[in-house]
Amino acid sequence: MYYIFFTGTAGSGKTTLVKEFQQYLLDLEMDTAVINMDPAVERVPYTPDFDVRDYVDAIEVMERYGLGPNSSLVVSIDLLLTKATDIKREIGDIEANYVLVDTPGQVELFAYRDTGRLFSSLLVGESKSVNVFLLDSYLAREARSYVSLLLLSSSVRFKLGMPQINVLSKVDLLNQRELHQLLEWGEGEGLVDSLGVIDDYSYELVKTLIESLERPPIPLSANKRDGFDELYAEVQRIVASGEDFA
Ligand code: GTP
């Protein structure tokens, strides 16, 4: 069994990608399961095999503790960890080649807090896993936003310690010129020039970031199911390479 997490900023397309990628894997006759890890989501377009909302309701947490939406989500994940034994038992019943995990839009859970990592390792157990990080290409069209998203991706990669695949989501929203430019930046070309005038600190930071990228982000459209073969090939490469949850 292999776990594929989908993380990214709010609205980057995680839920849509989970739904469409599950269908893609089913078409390849792979057994799949889906986990919804977002206690605050109202509706999901797939049928989850495990749903954290069965254990904690972020809206109820918000009302009970007088919290705002973001902190109620953080507390909800904390509460989930107190139910680890029951969750572990329920997850243990899942049988599938691939388990797709849809995560909350508050990516700070994975970039800055221990709970994202703790809950992920609770789900994964001894299985292998990979994190697909979605860079919203509509935001990434702007060079500074692209760099900021890459930095966020690096934070998540570092904090989670899981093999990671960066993807550019929603590329169907871009025109040819924008897509071409993003692909060039992904290869490390032209990004510094596109940033215009930047200070020395930013220059060194961007240079280091470009050098640290293992592979260019994979352009994807969940709506058009574009890029799924490339994503699946990359997942399989990581499975075969034996990279693991650190
Ligand atoms: P949160 O859980 O709120 O963080 O959102 P999310 O990351 O799960 O994003 P979601 O899948 O809900 O998509 C957000 C919006 O982007 C929705 O309006 C989707 O229809 C749209 N969207 C998702 N994927 C694509 C895509 O490939 N192309 C286009 N054009 N729109 C997309």
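Right, let's walk through the structure included here.

The rules behind the values
Residues numbered from 1 in each chain as written. Predicted model: local features only at pLDDT ≥ 70, side-chain atom pairs only at ≥ 80, totals over all residues. Heavy atoms only, no water. Axes fitted to C-alpha atoms, helices over the stretch in contact; angles between N-to-C directions. Helix = DSSP H or I, 4+ residues; strand = E, 2+ residues; numbered from the N terminus. Parallel < 35°, antiparallel > 145°, perpendicular 65-115°, else oblique. Contact = heavy atoms within 4.5 Å. Nonpolar A, V, L, I, M, F, W, Y, C, P; charged D, E, K, R; others polar. Pairing = 2+ DSSP bridges. Buried < 20%, exposed > 50% of the residue type's maximum accessible area, 1.4 Å probe, protein only.

Here's the deal with the packing of helix α4 (residues 84–92) against helix α6 (residues 114–124)
Working step 1: Orientation of α4 relative to α6, taken along the N-to-C sense of each, is 40°, at an axis distance of 9 Å. On the basis of the axis angle, α4 is oblique to α6. Between α4, through A84, I87, K88 and I91, and α6, the contact on the second element is made entirely by F119, L122 and L123.
Working step 2: Considering only residue class, the contact of α4 with α6 consists of six nonpolar, no polar and one charged.

Observations regarding the sheet that holds strand β2 (residues 32–36)
Two strands in a sheet stick together by hydrogen bonds in their backbones, pointing the same way (parallel) or opposite ways (antiparallel).
Working step 1: Strand order in this open sheet of seven strands is β3-β2-β4-β1-β5-β6-β7, and the pairing throughout is parallel. Each having just a single partner strand, β3 (50–51) and β7 (218–219) make up the two edges of the open sheet.
Working step 2: Those strands touched by α6 are β1 (2–8), β2, β4 (98–102) and β5 (128–136), and its axis lies near 155° from that of β1.

Focus: unusual backbone geometry
Working step 1: Phi angles above zero are rare outside glycine, and K170 is one such case at about 60°.
Working step 2: Within the element layout of this structure, K170 appears in the loop between β6 (164–169) and α9 (176–186).
Working step 3: Assessed through its relative accessible area of 24%, K170 is described here as partly exposed.
Working step 4: With a phi close to 55°, R225 is a non-glycine residue in the positive phi region.
Working step 5: Positionally, R225 belongs in the loop between β7 and α12 (228–241).

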